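Okay, here's what each chain looks like letter by letter:
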Amino acid sequence: MTHAKVLRWLRTVVVALYIFCLLSQWEGRVISAWLPIICGSSFLLSEYLHPTYRPIFSRLSPSPSNAAAALVHLPLCLPHASDNNTSGIRLINLVMVTMTSVTLGDVRVVRSVDVQSYVGLKPSTARKSVSLLRRTETRPLMVVRASKEGDISVKSSGLSIEESEAAAVAGNFPDPPPPWRPSAPKGTPNVKPLPLTRRPRRNRKSPTLRDAFQETNLSASNLVLPLFIHEGEEDVPIGAMPGCYRLGWRHGLLEEVYKARDVGVNSIVLFPKIPDALKSQAGDEAFNDNGLVPRAIRLLKDKYPDIVIYTDVALDPYSSDGHDGIVREDGVIMNDETVHQLCKQAVSQARAGADVVSPSDMMDGRVSAIRAALDAEGFQEVSIMSYTAKYASSFYGPFREALDSNPRFGDKKTYQMNPANYREALVETEADEVEGADILLVKPAMPYLDVVRLLRDNSALPIAAYQVSGEYSMIKAGGALKMVDEEKVMMESLLCIRRAGADIILTYFARQAASVLCGMKSK
Ligand code: PBG
């Protein structure tokens, strides 16, 4: 007989004797008084010793049902005036108070297991004969746990390996916790299981399995933080980009970089707000070695030598016309002349200490020209991240407000790509690869995930995606209006950009997302 069977049998005897003693109040017969005591206590002892049933025993701790049970039985434990030999009976009752508390706890749970309405892959029939004495653990819904998590102690049986094996061969081993089949709500139809060979939900069953099979991950090392800088001392909030500022290059910038590094973001990209007086049609300020960007780079590199600094190579912050290139009288953006300026800009940035120069201008042939210019000046180690597929997007609106860099006339459609085009991105990819780009970038990110995937599948180079200002602001606005959960949408958007194939993501969320990744409250 198995341990559980013995226990069940013992319990039946104990309860029968208990009822018998209560009904008869048969004090005179010593045997009948002591038998239940022996049975009851051996039962309790086995409960206590057997690790399987320890959770049930733990129900002896006060709970409403236990307290009620004790209250009902307490009077029976008190001496009766008419009794002359009541100690035996009182002891029995004391044991019974304890046992009933345990049993009552069970009853509550057993009742909640509605056998008839349960529908699973294999409708259970085992539960049809539930008895009030059946052991069922009280446990909160959805949590399946035999004992407290930290409690791994099991009383040693004292048996040798051979003895344990022999016992197992004889079918004589301690029972594991009883299987638990959670009940379905009332009204759930009782159906035949679908004959499915593949149930993809099996691999999503638990957090551990889901984590094991997660295909894409996001870490702070994938993130690049774009920062706006200006000549002033104060940090000026950018209206359309909550949480973003034009940072004072000597104070706010250093502080922001410090905070970013603190959560593991060690890559930044700089965007300058240039005073109008320094802007010109040819944008010569772009390669002033003492200009805002080179100065900020030198300061940052002095303070944080291991930081990775990306720079923006384009004329728009320096152009009085607000275009990425030099504008001819008839409105044409001059390609090769602009490239000449961009080369000087890139070299100036490299001289200041930039690690990666990033042409965002979309002029033709600028990657090979910049590569040659850098190499000619001895900057072979400086990388080029080319904005390979940069679309003429309305998602740049908040950025242009941030830098006050709206084109004075026209749009950027003669150099930035048509949002309707996909194949064209391949033309740009091939050109940039041949010209020597180290990283290929797609911009914007979320509405262009197909393009990110296209580049990923057609190049062995690292792919970057730029989650631009408009994408950032929309998530911020949705969160502020309580339309979406800002933090969750932020994390999902970044993970999805990674899934599409981006190695790195330029995002204004970099610091906030990295805070979430390291378990800190974002602020
Ligand atoms: C310009 C540049 C732009 C952005 C980055 N570099 C704006 C533009 O092309 O008009 C946009 C970034 C953003 O919207 O977050 N060289």
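Scroll up to find the structure.
Residues numbered from 1 in each chain as written. Predicted model: local features only at pLDDT ≥ 70, side-chain atom pairs only at ≥ 80, totals over all residues. Heavy atoms only, no water.

Participant: Which residues make up the overall build of the chain, and what values go with them?
Facilitator: A tally of helices and strands in the chain yields 17 helices and twelve strands. Scored against the burial criterion, the 523 residues of the chain give a buried share of 46%. (Helix = DSSP H or I, 4+ residues; strand = E, 2+ residues; numbered from the N terminus. Buried < 20%, exposed > 50% of the residue type's maximum accessible area, 1.4 Å probe, protein only.)

Participant: Hey, could you go over the nonpolar core for me, with residue numbers and the actual values?
Facilitator: Proteins that are soluble and globular tend to have nonpolar side chains buried together. Grouped together as the largest cluster of nonpolar side chains are 104 residues, with contacts concentrated most on Leu270, Leu374 and Leu506. The contacts of Leu270, once residues within four sequence positions are left out, are Leu227, Ile229, Leu253, Val293, Ala296, Ile297, Leu300, Ile309, Tyr310 and Asp312. (Core = buried A, V, L, I, M, F, W, Y, C linked by side-chain atoms within 4.5 Å. Contact = heavy atoms within 4.5 Å.)

Participant: Tell me what's going on with empty space enclosed by the protein, and back it up with residues and numbers.
Facilitator: This structure, assessed with the given rule, holds five cavities of 30 Å³ or more. Its boundaries defined by the atoms lining it, the largest cavity holds a volume of some 120 Å³. Surrounding the largest cavity, 16 residues form its lining, Asp316, Lys390, Tyr396, Phe399 and Lys443 being those nearest its centre. Class assignment for the residues of the lining of the largest cavity results in seven nonpolar, three polar and six charged. (1 Å grid on protein atoms, 1.4 Å probe; cavity = no way out; pocket = protein on both sides within 12 Å on 5 of 7 lines; lining within 4 Å. Points joined across faces, edges and corners; volume = space filled by probe spheres on them. Nonpolar A, V, L, I, M, F, W, Y, C, P; charged D, E, K, R; others polar.)

Participant: Any details on the site of the ligand? Residues and values, ideally.
Facilitator: Taken together, 18 residues lie around the ligand, and Arg400, Lys412, Lys443, Ser469 and Tyr508 are the ones closest in. Between an oxygen atom of the ligand and a side-chain N or O atom of Gln416, the distance comes to 3.0 Å. Taking Ser469, its main chain carries an N or O atom lying 2.6 Å from an oxygen atom of the ligand. About the coverage of the ligand: the protein hides 100% of its 400 Å² of free accessible area. For the ligand, the cavity whose grid points lie within 2 Å of the majority of its atoms is the largest cavity. In the shell around the ligand, the residues fall into eight nonpolar, three polar and seven charged. (Near = heavy atom within 4 Å. Polar contact = N/O pair within 3.5 Å; in protein donor to acceptor, adjacent residues only side chain to side chain. Areas by Shrake-Rupley, 256 points an atom, 1.4 Å probe, with all protein chains shown as cover. Sits in = over half its atoms within 2 Å of the grid points.)

Participant: Would you mind going over the pairing of strand β5 (residues 308–313) in detail, with residue names and values included?
Facilitator: In terms of burial, β5 is a largely internal element, five of the six residues being buried. Looking at chain direction, strand β4 (residues 267–272) and β5 are connected through four bridges and run parallel. Residue Ser267 lies in a different strand from β5, and its bridge partner there is Val308. Since β4 and β5 lie parallel, the crossover through helix α9 (residues 292–303) that links them has a hand, and here it is right-handed. (Pairing = 2+ DSSP bridges. Right-handed = clockwise from strand over helix to strand, strands pointing away.)

Participant: I'd like to hear about unusual backbone geometry, residue by residue, with values.
Facilitator: Cis peptide bonds are those with omega within 30 degrees of zero, and the linkage from Lys443 to Pro444 qualifies with -5 degrees. Position of Pro444 among the secondary structure elements: in the loop between β10 (439–443) and α14 (449–458). Non-glycine residue Met362 carries a positive phi angle of around 70 degrees. If you trace the backbone, Met362 turns up in the loop between β8 (356–359) and α11 (366–376). One non-glycine residue, Lys482, adopts positive backbone phi at about 60 degrees. Judged by relative accessible area, Lys482 falls into the exposed class, the value being 74%.

Participant: With reference to specific residues and values, describe the packing of aromatic side chains.
Facilitator: Here a ring pair, both rings aromatic, is described through the centre-centre distance and the interplanar angle of the planes. Under the criterion given, the structure shown has ten aromatic pairs. Centroid distance Phe271 to Phe399: 5.0 Å. Interplanar angle 90 degrees. Geometry classified as edge-to-face. Linking Phe271 in strand β4 with Phe399 in helix α12 (residues 397–403), this pair joins segments that are 128 residues apart in sequence. For the residue pair Phe271 and Phe399, the accessibility class agrees, reading buried in each case. Sitting over the ring of Tyr396, Lys390 keeps its end group 5.5 Å from the ring centre. The residue whose ring lies beneath Lys443 is Tyr396, and the NZ or CZ to ring-centre distance is 4.9 Å. (Phe/Tyr/Trp six-rings, centres within 6.5 Å; stacked < 30°, edge-to-face > 60°. Lys NZ or Arg CZ within 6 Å of the ring centre and 35° of its normal.)

Participant: Explain the pattern of salt bridges residue by residue, including any values.
Facilitator: If you walk through the whole model with that rule in mind, you get 22 salt bridges. One network of salt bridges, in which partners are shared, links Asp316, Asp324, Lys390 and Lys412. (Salt bridge = Lys/Arg side-chain N within 4 Å of Asp/Glu carboxyl O.)

Participant: Provide a residue-level description of the side chain of Gln467, including the pertinent values.
Facilitator: By secondary structure assignment, the location of Gln467 is in strand β11 (residues 463–467). One polar contact links Gln467 to Thr507, side chain to side chain, over a distance of 2.6 Å. If we ignore the near neighbours within four places in the chain, the residues touching Gln467 are Ala445, Ile475, Ser493, Leu494, Ile497, Ile505, Leu506, Thr507, Tyr508 and Phe509.

Participant: Any details on the side chain of Ser360? Residues and values, ideally.
Facilitator: Among the structural elements, Ser360 can be located in the loop between β8 and α11. Of the polar contacts made by the side chain of Ser360, one reaches the side chain of Asp312; its length is 2.7 Å. Not counting residues up to four positions away in its chain, the partners in contact with Ser360 are Asp312, Val313, Ala314, Asp324, Arg366, Tyr387 and Lys390.

Participant: Summarise the environment of Leu227; cite the residues concerned and give the values.
Facilitator: In this fold, Leu227 is placed in strand β1 (residues 223–230). Looking at Leu227, the relative accessible area reads 4%, which means it is buried. Those residues in contact with Leu227, other than ones at most four positions away along the chain, are Leu247, Leu253, Glu256, Val257, Ile268, Val269, Leu270 and Phe271.

Participant: Could you give an account of the packing of helix α10 (residues 335–352) against α11, with specific residues and numbers?
Facilitator: In contact at an axis separation of 9 Å, α10 and α11 are set at 45 degrees when each is read in the N-to-C sense. Taken together, the axes of α10 and α11 are oblique relative to one another. Every pair of crossing elements has a handedness; the one defined by α10 and α11 is right-handed. Contacts between α10 and α11 pair Val339, Leu342, Cys343, Ala346, Val347 and Ala350 from the former with Arg366, Ala369, Ile370, Ala373 and Leu374 from the latter. (Axes fitted to C-alpha atoms, helices over the stretch in contact; angles between N-to-C directions. Parallel < 35°, antiparallel > 145°, perpendicular 65-115°, else oblique. Left-handed = near helix turned anticlockwise from the far one by under 90°.)

Participant: So, α9: which residues are in play, and what are the values?
Facilitator: Over its twelve residues, α9 extends 17 Å from the first C-alpha to the last, a length consistent with the 16 Å expected when each residue adds 1.5 Å. Inspection of α9 places Leu292, Val293, Pro294, Ala296, Ile297, Leu300 and Lys301 among the buried residues, and these make up the whole buried set. Those residues of α9 that are buried lie in contact with β1, α8 (252–262), β4, β5 and α10. (Expected span 1.5 Å × (residues − 1).)

Participant: Can you break down the packing of α14 against helix α16 (residues 486–500) residue by residue, with the values?
Facilitator: Orientation of α14 relative to α16, taken along the N-to-C sense of each, is 35 degrees, at an axis distance of 8 Å. Here Leu449, Val452, Arg453 and Arg456 of α14 lie close against α16, whose contacting residues are Cys496, Ile497, Arg499 and Ala500. Across the contact of α14 with α16, the residue classes tally to five nonpolar, no polar and three charged.

Participant: Give me the lowdown on the environment of Arg453, citing residues and values where you can.
Facilitator: Within the secondary structure, Arg453 is located in helix α14. The spatial distance from the C-alpha of Arg453 to the C-alpha of Ala502 is 7.9 Å, given a sequence separation of 49 residues. Each residue touching Arg453, except ones within four places of it in the same chain, is listed here: Arg499, Ala500 and Gly501.

Shape is all these values report; function is a separate question.
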